[in-house]
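Summary of the model geometry
The chain contents come next:
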Protein chains: 2
Amino acid sequence: MANERTPDSAKKELMETQRKMAAYEHALALMQYDGATTAPKDTADNRAVSMSILSEEIYRLGTAQETVELLEFLDAHKEALDEKQRRMVYLLLKDIRDMKKIPMDEYVAFQALLVKADDVWHRAKETSDFGLFCPYLEQIFDTTRRFAGYVAPDKDPYDHWLSQYEEGMTQNTLDAFFGTLRSELVPLLQKVAKAPQVDDSIRFGDFSPEKQEQLALWLMETIGLDLGHVGLSTTEHPFTTSLGSHFDERITTHYYPNDFVCSMFSVIHEGGHALYDTGSAPDLAYTVLDGGTSMGIHESQSRFYENILGRSKAFCRYVFPKLCELFPAQMEGRTADELFRAVNKAQPSLIRTEADEVTYSLHIMIRYELEKKVMAGKLAVRDLPEAWNRLYKEYLGVDVPDDKHGVLQDSHWAGGLIGYFPSYALGNAYGAQFLQKMRETVDVDACLEKGDFGPINDWNREKIWQFGSLYTPTQLLNRVLGAPFDPLPYVAYLKEKMRDVYGV
Amino acid sequence: MANERTPDSAKKELMETQRKMAAYEHALALMQYDGATTAPKDTADNRAVSMSILSEEIYRLGTAQETVELLEFLDAHKEALDEKQRRMVYLLLKDIRDMKKIPMDEYVAFQALLVKADDVWHRAKETSDFGLFCPYLEQIFDTTRRFAGYVAPDKDPYDHWLSQYEEGMTQNTLDAFFGTLRSELVPLLQKVAKAPQVDDSIRFGDFSPEKQEQLALWLMETIGLDLGHVGLSTTEHPFTTSLGSHFDERITTHYYPNDFVCSMFSVIHEGGHALYDTGSAPDLAYTVLDGGTSMGIHESQSRFYENILGRSKAFCRYVFPKLCELFPAQMEGRTADELFRAVNKAQPSLIRTEADEVTYSLHIMIRYELEKKVMAGKLAVRDLPEAWNRLYKEYLGVDVPDDKHGVLQDSHWAGGLIGYFPSYALGNAYGAQFLQKMRETVDVDACLEKGDFGPINDWNREKIWQFGSLYTPTQLLNRVLGAPFDPLPYVAYLKEKMRDVYGV
């Protein structure tokens, strides 16, 4: 049968294999989503059993001799492949070569560990008990370090994981990047600290989850999401997931009954991820190219919608009448400009997801420095809470009252995402470069003031979304910008924003 | 390797194979549950793709040469197996032998058809448009008939499907069973019709879904469900599903804001299914013996909790103070006895799931007669609405205003469950026999009046639940009752209830 294989039949097989893998990924993603949104609280063990079995099945499928032969055949017939097919074969072969280096039983055990760790993390966070979570996190760091050793023995383990989320990223690059941000943002923050603080009382009061959900759904529609294909649920920590393909996307949020702003911007943030995912060209569905190309580019989209668009003066003006409609008593006597200033208040704080744009990168920097040290064996996991609290004091000047508001606040480590955090800061910087370019042809502020996301989304779809993972982050940046990555437009954007809000 | 197989190693393989099948079933059940509860409305096609692929995988696994050899080895070493293992091997071999007779592509296509049919049925019901659903239902009946021909060519196709849900059941038996019910219940109904109708206004008013949900969760706890393992969601048509094992069970309900009784009893009904499932002995988890033995026995439990226990005078007295707490204004001046009479009002109606106990079996009889005719080719699917409406007039004396309240009301046919309906009526009759037996050792009314389900659940667990599918329905009835199936205790139970409510 292998003798009868032709490039055309092999291309068909390639699509079938990816379609099958997508079905398993659908099942795994749905089990995880169900666990976070709907599942009864004592069902994590049952999910762990099923997920470890299905992970084993997908591992077998992805690394089967049959699959390897198919991909190597296609790799040897590159001339018969189009650009997309070539990239699929490259990514799948890379995955197989990486996965084959990880013993299957360890891979499966890690998947089961992550399911349990996520459950334990939820409980640990609830009771602010790092000790409960610590042994799981130790295992996660150990496994992550060990897997890096299997896959890229000549590479620094943390560099390996950084480049899993952002191809080619290294600690050297990030040290320089964060250095620039630090040298520019710390003086900016100092200027802001001397200016009178803005009044953000507009965000606080009595905002029922039911009304906040109406706001969330309205925002999703406003930014251009198709609610027939993108669902909304509630979870402790908001996230976005694709089920099987970009045709079924789910975002989640968390409603605080005394503050509508948290959910509002988390919905726009996750909505940005969902726009990117669901913007993949239809023919990328059920292939490895479906969805975004890297975590950094993904975060560039989510944070572009959340901050650059969502927290702009123009969009605040568009949203304000809707807030008056939903919360007439609470908005009585308020103005759109108050909203704009409130959602751009800069102030050192404890929680990353609620941090303003200026301090945000410092939150990331802390996580980056801690991950780096733990991965290098220079910091023990059990000492993370102390180190966390020390750095928050040092960079942000805040005292962490408990681990719930400190080291236990994020779900990322419980999910095994070591090396992911820097993408958020990279995303901010990419986004500001995209904005600069977009403004050459799109009157962004005029669109936002009308709530018309059409031209903005068209630009993003044409330049970024449609390609899914066809291009690497570097290739994509070059295509879109005609220039390399540069953090300075982001710094300029923040300075302008602070001038607007604080007059500094 | 096959040469080295020993009974002990084969028993281990048997458990591993079933554990793997349970993981696929978890994925498929969760996708279906997600589709009914949470998924955005245009995602059915995406689910159909994944579900047909995973169905194909489970089909391959279940019918693989390796699996067949394992089971035949175990079948040849019966003396080394305990009672449970022997039953697992029997059921799995029977399934394989049946499944092998169905061409794989047709099996997979049927799974995909059912996913789409369910989606179309939802839309068709919404708009009361049978024409939309008709071509799908035709395909479902055709496929069902064809599959029966593959699996049991010498058997009447409808008899084949009846005995899929209730082993050994035939149209002959059911004709006799329904004959008895008809001859006893029609005169009873006539007597009731002459008595003054009860006042059921207590159930109507303004009952917010939020409060109804609180009632639902309280009822679930009251009847003895472990909310750490049993979840509650809302759907158009309530159902119960197990995910992977009986350790993760989900029930659903539907809240009508103007009537709290519908959801109240549907929660107790689905709760009865969930009690039976989650009552399986722990060592049955991840095996084919996990969960109930037949649809009839399953319905005997759900309808036992819903009707025999839930609609008893004693339980109404226990529930009433809770209703006063949740709905103080609506319960003002009402009594527990009013509740008892209201929830036992007998009156011919349009909707099966809301029918009282006396007319319920007539709803089932109509579906039974229609299925029988369609399966025998004596009635075309397109003529179902007319035939449905005619029989509702004939047996129940009601005019069906539209297909939404007629032939489109139930999800069963859209789910491919042809031959399932009679189980509901059988379940009623089994339940009354169980009650008679339970009363020999348990003071059921005293328990209900205190809301103490402990002794009732212990009896059911010991006699019925723990065994899962270890025994056939007939074996189980004989074990529990020491007597064969008999519909007369059910008739006696209904007569007593009507005496209590209507004084007839």
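Here the structure is shown first, and the text comes after it.
Notes on the structure follow.

About the cut-offs
- Residues numbered from 1 in each chain as written.
- Chains lettered and ligands numbered in written order.
- Predicted model: local features only at pLDDT ≥ 70, side-chain atom pairs only at ≥ 80, totals over all residues.
- Heavy atoms only, no water.
- Helix = DSSP H or I, 4+ residues; strand = E, 2+ residues; numbered from the N terminus.
- Buried < 20%, exposed > 50% of the residue type's maximum accessible area, 1.4 Å probe, protein only.
- Contact = heavy atoms within 4.5 Å.
- Expected span 1.5 Å × (residues − 1).
- Least-squares fit on C-alpha atoms with pLDDT ≥ 70 in both.
- Salt bridge = Lys/Arg side-chain N within 4 Å of Asp/Glu carboxyl O.
- Pairing = 2+ DSSP bridges.
- Axes fitted to C-alpha atoms, helices over the stretch in contact; angles between N-to-C directions.
- Parallel < 35°, antiparallel > 145°, perpendicular 65-115°, else oblique.
- Left-handed = near helix turned anticlockwise from the far one by under 90°.
- Phe/Tyr/Trp six-rings, centres within 6.5 Å; stacked < 30°, edge-to-face > 60°.
- Lys NZ or Arg CZ within 6 Å of the ring centre and 35° of its normal.
- Core = buried A, V, L, I, M, F, W, Y, C linked by side-chain atoms within 4.5 Å.
- Lys, Arg positive; Asp, Glu negative; His and termini not counted.
- Polar contact = N/O pair within 3.5 Å; in protein donor to acceptor, adjacent residues only side chain to side chain.
- Buried area = accessible area lost by both parts, 1.4 Å probe.
- Nonpolar A, V, L, I, M, F, W, Y, C, P; charged D, E, K, R; others polar.

1. A short note on the overall build of chain A
When its secondary structure is counted, chain A shows 21 helices and 3 strands. Dimensions of chain A, computed from the C-alpha atoms along their principal axes, are close to 75 × 50 × 45 Å. By residue count, 59% of the 504 residues in chain A fall in the buried class. Here the analysis covers contacts within chain A between residues at least 6 apart in sequence; of these, 75% occur between residues at least 24 apart.

2. Regarding helix H8 (residues 171-194) of chain A
Since there are 3.6 residues in each turn of an α-helix, residues three or four apart along the chain are aligned in direction. Residue and element names in this part refer to chain A. For H8, built from 24 residues, the straight-helix expectation of 34 Å at 1.5 Å per residue is met to within 8% by its first-to-last C-alpha distance of 34 Å. Those residues of H8 lying buried are Gln 171, Leu 174, Phe 177, Phe 178, Leu 181, Leu 185, Leu 188, Leu 189 and Val 192. At its buried positions, H8 is contacted by helix H7 (157-165), helix H15 (357-375), helix H17 (422-438) and helix H21 (488-502).

3. So, the relation of the copies chain B and chain A
One copy of the chain maps onto the second through a rotation around an axis plus a translation along that axis. Superposing chain B onto chain A takes a rotation of 180 degrees combined with a translation of 0.0 Å along the rotation axis, leaving an RMSD of 0.0 Å. As the rotation angle and translation indicate, the two copies are arranged about a two-fold axis. Rotation axis and chain B: the residue whose C-alpha lies nearest the axis is Ala 27 of chain B, separated from it by 2.7 Å.

4. Quick notes on the pattern of salt bridges
For the coordinates displayed, the defined rule picks out 73 salt bridges over all chains. Taking the shortest distance from any N to any O, the salt bridge between Glu 306 of chain A and Arg 311 of chain A comes out at 3.0 Å. Owing to a relative accessible area of 6%, Glu 306 of chain A belongs among the buried residues under this scheme. Among the ionic pairs, Asp 337 of chain A bridges to Arg 317 of chain A, the shortest N-O distance being 3.7 Å. Of this pair, Asp 337 of chain A sits in helix H14 (residues 336-342) while Arg 317 of chain A is found in helix H12 (residues 313-326), placing the two residues 20 residues apart along the sequence. Through salt bridges that share partners, Asp 34 and Arg 47 of chain A together with Asp 248 and Arg 250 of chain B make up one connected network.

5. Some remarks on the pairing of strand S2 (residues 240-243) of chain A
Working note: regular strand, side chains alternate between the two faces of the sheet. Of the two faces of S2 of chain A, only one is covered, namely that formed by Thr 241 and Leu 243 of chain A; the face formed by Thr 240 and Ser 242 of chain A stays uncovered. Between S2 of chain A and strand S3 (residues 245-253) of chain A, which pair antiparallel in sequence order, lie 1 residue; one of them, Gly 244 of chain A, sits at a positive phi of approximately 80 degrees.

6. Overview of the packing of helix H9 (residues 209-222) of chain A against helix H10 (residues 260-278) of chain A
Residue and element names in this part refer to chain A. Contact pair H9 / H10: the axes reach a minimum separation of 9 Å and the direction vectors enclose 25 degrees. Classified by the interaxial angle, the pair formed by H9 and H10 is roughly parallel. As for how H9 packs across H10, the hand of that crossing is right-handed. Contact residues: Gln 212, Leu 215, Ala 216, Leu 219 and Met 220 in H9; Phe 260, Ser 263, Met 264, Val 267 and Ile 268 in H10.

7. Some words on the packing of aromatic side chains
On inspection of all chains with the given rule, the structure shows 59 aromatic pairs over all chains. Aromatic rings pair up to connect Phe 141, Tyr 165, Tyr 360, Trp 388, Tyr 392, Trp 413, Tyr 420, Phe 421 and Tyr 424 of chain A into one cluster. The ring of Phe 421 of chain B carries the charged tip of Arg 367 of chain B above its face, separated from the ring centre by 5.4 Å.

8. Side note on the nonpolar core
Residues Leu 384 of chain A together with Leu 384 of chain B are the most contacted members of the largest nonpolar core, which totals 354 residues. Dropping the residues within four chain positions of it, Leu 384 of chain A is found in contact with Phe 130, Leu 137, Phe 141, Leu 370, Val 374, Leu 379, Val 407 and Trp 413 of chain A.

9. A closer look at the side chain of Glu 299 of chain A
Residues and elements named next belong to chain A. On the secondary structure map, Glu 299 appears in helix H11 (residues 295-309). Buried charge without a partner: Glu 299 forms no salt bridge, and the closest opposite charge is Arg 303, 5.0 Å away. In terms of polar contacts, Glu 299 uses its side chain to reach the side chain of His 273, at 3.1 Å.

10. Overview of the interface of chain B and chain A
It is common to give the size of an interface as the accessible area that goes away when the parts come together. Each side of the interface is counted separately: chain B has 37 residues, and chain A has 37 residues. In terms of surface lost to chain A, no three residues of chain B exceed Leu 30, Pro 40 and Asn 46 of chain B, which account for 17% of the buried area on that side. Between Glu 57 of chain B and Lys 20 of chain A there is a salt bridge, with its nearest N and O atoms 3.2 Å apart. Between chain B and chain A we count 19 residue pairs in polar contact (both at pLDDT 80 or more) in total. When residues of the side of chain B that touches chain A are traced back to their parent elements, those giving at least two are helix H1 (7-37), helix H2 (44-63), strand S1 (230-234) and strand S3 (245-253) of chain B. No other element matches H1 of chain B, which puts 10 residues into the side of chain B that touches chain A. Here the residues of the side of chain B that touches chain A sort into 16 nonpolar, 11 polar and 10 charged.

11. Regarding the sheet that holds S3 of chain A
Backbone-to-backbone hydrogen bonds pair the strands of a sheet. The strands run either parallel or antiparallel. Spatially, S1-S3-S2 (chain A) is the arrangement adopted by the 3 strands of the open sheet, whose pairing is mixed. For this open sheet the edge positions go to strand S1 (230-234) and S2 of chain A, each flanked by a neighbour on one side alone. For this sheet, the mean inter-axis angle between neighbouring strands, taken without regard to orientation, is 25 degrees. Bridge analysis of S1 of chain A against S3 of chain A gives 5 bridges, and the strand direction is parallel. By the bridge assignment, Val 230 of chain A is partnered in S3 of chain A with Glu 249 of chain A. The strands touched by helix H1 (residues 7-37) of chain A are S1, S2 and S3 of chain A; relative to S2 of chain A, the strand with the most contacts, the crossing angle is about 140 degrees. Sheet contacts for H2 of chain B: S2 and S3 of chain A; angle to S3 of chain A, the most-contacted strand, approximately 110 degrees.

12. Observations regarding the pairing of S3 of chain A
All names here are of chain A. Counting buried positions along S3 gives 8 out of 9 residues, so the element sits mostly inside the fold. Judged from the 4 bridges that link them, S2 and S3 form a sheet pairing that is antiparallel. The residue bridging Ser 242 from the neighbouring strand is Glu 249, located in S3.

13. As for H21 of chain A
Residue and element names in this part refer to chain A. In this model H21 runs 21 Å from its N-terminal to its C-terminal C-alpha over 15 residues, within 8% of the 21 Å that 1.5 Å per residue would give. If you check which residues of H21 are buried, you get Pro 489, Tyr 490, Val 491, Tyr 493, Leu 494, Lys 497, Met 498, Val 501 and Tyr 502. Where the residues of H21 are buried, they touch H8, H11, H14, H15 and H17. Gly 503 lies just past H21 and shows a positive phi near 65 degrees.

14. Description of unusual backbone geometry
Most peptide bonds adopt trans geometry, and most residues besides glycine take a negative phi value. All names here are of chain A. Positive phi, normally seen in glycine, also occurs at Ser 128, with a value near 50 degrees. As for its placement among the helices and strands, Ser 128 is situated in the loop between helix H5 (104-127) and helix H6 (130-151). Phi is positive for Tyr 286, which is not a glycine, with a value near 60 degrees. You can see Tyr 286 is positioned in the loop between H10 and H11. When its relative accessible area of 8% is taken as the criterion, Tyr 286 is described as buried.

15. Section: the sheet that holds S3 of chain B
Residue and element names in this part refer to chain B. Judged by pairing direction, the sheet is mixed, and its 3 strands sit side by side in the order S1-S3-S2 without closing on themselves. The open sheet has two edge strands with one neighbour each: S1 and strand S2 (240-243). With direction set aside, neighbouring strand axes in the sheet form an average angle of 25 degrees. On the sheet, H1 packs against S1, S2 and S3 and is oriented at approximately 140 degrees with respect to S2.

16. Describing the environment of Trp 459 of chain B
All names here are of chain B. You can see Trp 459 is positioned in helix H19 (residues 454-463). Residue classification places Trp 459 among the buried positions, given a relative accessible area of 6%. In this structure Trp 459 touches Phe 434, Lys 437, Met 438, Thr 441, Val 442, Ile 464 and Val 480, once residues within four positions along its chain are discounted.

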